[in-house]
Amino acid sequence: MEHIDWETGFVFSPQPMYMIGTNNPDGSPNFCVITWLGCSADDGPCLVMTIGGSKLTVSNILREGRFSANMVTEDTLWLADYFGTTRGEQKKKDDLPYTVSRGRKLDVPTLDDSHWIYECEVVRHLALDGANLFVAKMVNIQVDSAFQDMDREHIDLSAVCPVLYSPYQYFSVGEKLGEMGEWKQHFAGKENVLSHVEKAVSDIQK
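These figures come from a predicted structure and were not determined experimentally.

Section: helix α2 (residues 77-84)
For the α-helix, the turn length of 3.6 residues means that residues three or four positions removed from each other point alike.
Thinking step 1. For α2, every residue scored as buried is listed here: Leu77, Leu79, Ala80, Tyr82 and Phe83.
Thinking step 2. Looking at the buried residues of α2, the elements they touch are β2 (18-23), β3 (29-34), β8 (109-111), β11 (163-166) and β12 (169-172).

Considering the packing of aromatic side chains
What characterises a pair of aromatic rings is the spacing of the ring centres plus the angle enclosed by the ring planes.
Thinking step 1. What the rule picks out here adds up to eight aromatic pairs.
Thinking step 2. Aromatic side chains Trp116 and Phe147 sit 6.2 Å apart centroid to centroid with 40° between the ring planes, which places their arrangement in the tilted category. Remark: Phe147 occurs in the loop between β10 (131-143) and α3 (157-160) and Trp116 occurs in strand β9 (residues 116-128); sequence separation between them is 31 residues. For the pair formed by Trp116 and Phe147, the shared burial category is buried.
Thinking step 3. Three or more aromatic residues joined by ring pairs make a cluster, and in this case those are Phe31, Tyr82, Phe83 and Tyr98.

Points about the pattern of salt bridges
Pairing between side chains of opposite charge can happen when the charged atoms of each approach one another.
Thinking step 1. Throughout the structure, instances matching the rule amount to five salt bridges.
Thinking step 2. A salt bridge links Arg102 to Asp107, with the nearest nitrogen and oxygen atoms 2.6 Å apart.
Thinking step 3. Judged by its relative accessible area of 36%, Arg102 falls in the partly exposed class.
Thinking step 4. The exposure class assigned to Asp107 is partly exposed, which follows from its relative accessible area of 42%.
Thinking step 5. The partner of Lys176 in a salt bridge is Glu179, and the shortest N-O contact between them spans 2.8 Å.
Thinking step 6. For Lys176, a relative accessible area of 61% corresponds to the exposed category.
Thinking step 7. On the basis of relative accessibility, which here comes to 38%, the residue Glu179 falls in the partly exposed class.
Thinking step 8. Among the charged side chains, a salt-bridge network with shared partners connects Glu64, Arg66, Arg102 and Asp107.

A word on the sheet that holds strand β1 (residues 15-16)
Thinking step 1. Within the open sheet, the three strands sit side by side as β1-β11-β12. Their pairing is antiparallel. Edge strands, defined here as strands with exactly one partner in the open sheet, are β1 and β12.
Thinking step 2. Across four bridges, β11 lies against β12 in antiparallel orientation. Bridging across to β12, Leu164 finds its partner in Phe171.

Comments concerning the pairing of β11
Thinking step 1. In this sheet, β11 lies alongside β1 in antiparallel orientation, the contact comprising two bridges. In the sheet register, Pro16 faces β11, and the bridge partner there is Leu164.
Thinking step 2. Once β11 ends, the chain turns through two residues before running back antiparallel as β12, passing Tyr168 with a positive phi of about 70°.

Brief notes about the sheet that holds β3
Thinking step 1. Pairing is antiparallel in the open sheet, where seven strands are placed in the order β3-β2-β6-β9-β10-β5-β4. Since the sheet does not close on itself, it has two edges, and those belong to β3 and β4 (37-41), each with one partner. Averaged over all pairs of adjacent strands, the angle between strand axes in this sheet comes to 35°, irrespective of strand direction.
Thinking step 2. The sheet contacts of helix α1 (residues 56-64) involve β2, β3, β5 (45-52), β6 (66-71), β9 and β10, and relative to β2 the element is tilted by about 55°.
Thinking step 3. Its contacts with the sheet place α2 against β2 and β3, and it is angled at close to 100° to β3.

Definitions and limits used
- Residues numbered from 1 in each chain as written.
- Predicted model: local features only at pLDDT ≥ 70, side-chain atom pairs only at ≥ 80, totals over all residues.
- Heavy atoms only, no water.
- Buried < 20%, exposed > 50% of the residue type's maximum accessible area, 1.4 Å probe, protein only.
- Helix = DSSP H or I, 4+ residues; strand = E, 2+ residues; numbered from the N terminus.
- Contact = heavy atoms within 4.5 Å.
- Phe/Tyr/Trp six-rings, centres within 6.5 Å; stacked < 30°, edge-to-face > 60°.
- Salt bridge = Lys/Arg side-chain N within 4 Å of Asp/Glu carboxyl O.
- Pairing = 2+ DSSP bridges.
- Axes fitted to C-alpha atoms, helices over the stretch in contact; angles between N-to-C directions.

Shown next, in the form of structure tokens:
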């Protein structure tokens, strides 16, 4: 495989999409879409989220220290697209119909149509050059009751149907490819590769 170099300013990484719910100063809900988001741990499971630029969502989080993260799925994509292309500083985002509830553990707005919701409380904040990074404790997780029998250690993404973001484009999650530890099955007949890998693992364990 031949590789070429791209400038680092061209950012690409397959990213999950979340509609971030916060309270405006007047108590009304505001939602925006954030894709710079992942999971970590800081005395328990956390969401790590970076928000670039000046956004009403940043002001709301800095003021209240909490938010909801509503996973974008295939059936909520175009509502998310609306939230993500409309600025809350300019107008309330009420051009489309949607219903909002309150968090069960935190006073944050949550979307009734969301299948997977994290209620989060900020525990760390770092002001970056042109962005803000938040580490937020997962205080509660609301999941669609349709998933109540799902194996929590083997979450079926084909059932959840999350959307992935690539700059200015949206993609669905494809078929399941396999499970952890199945690599030997996929290298069948490649004894030299297996021998090399097994030797490397053995050397590490010594």
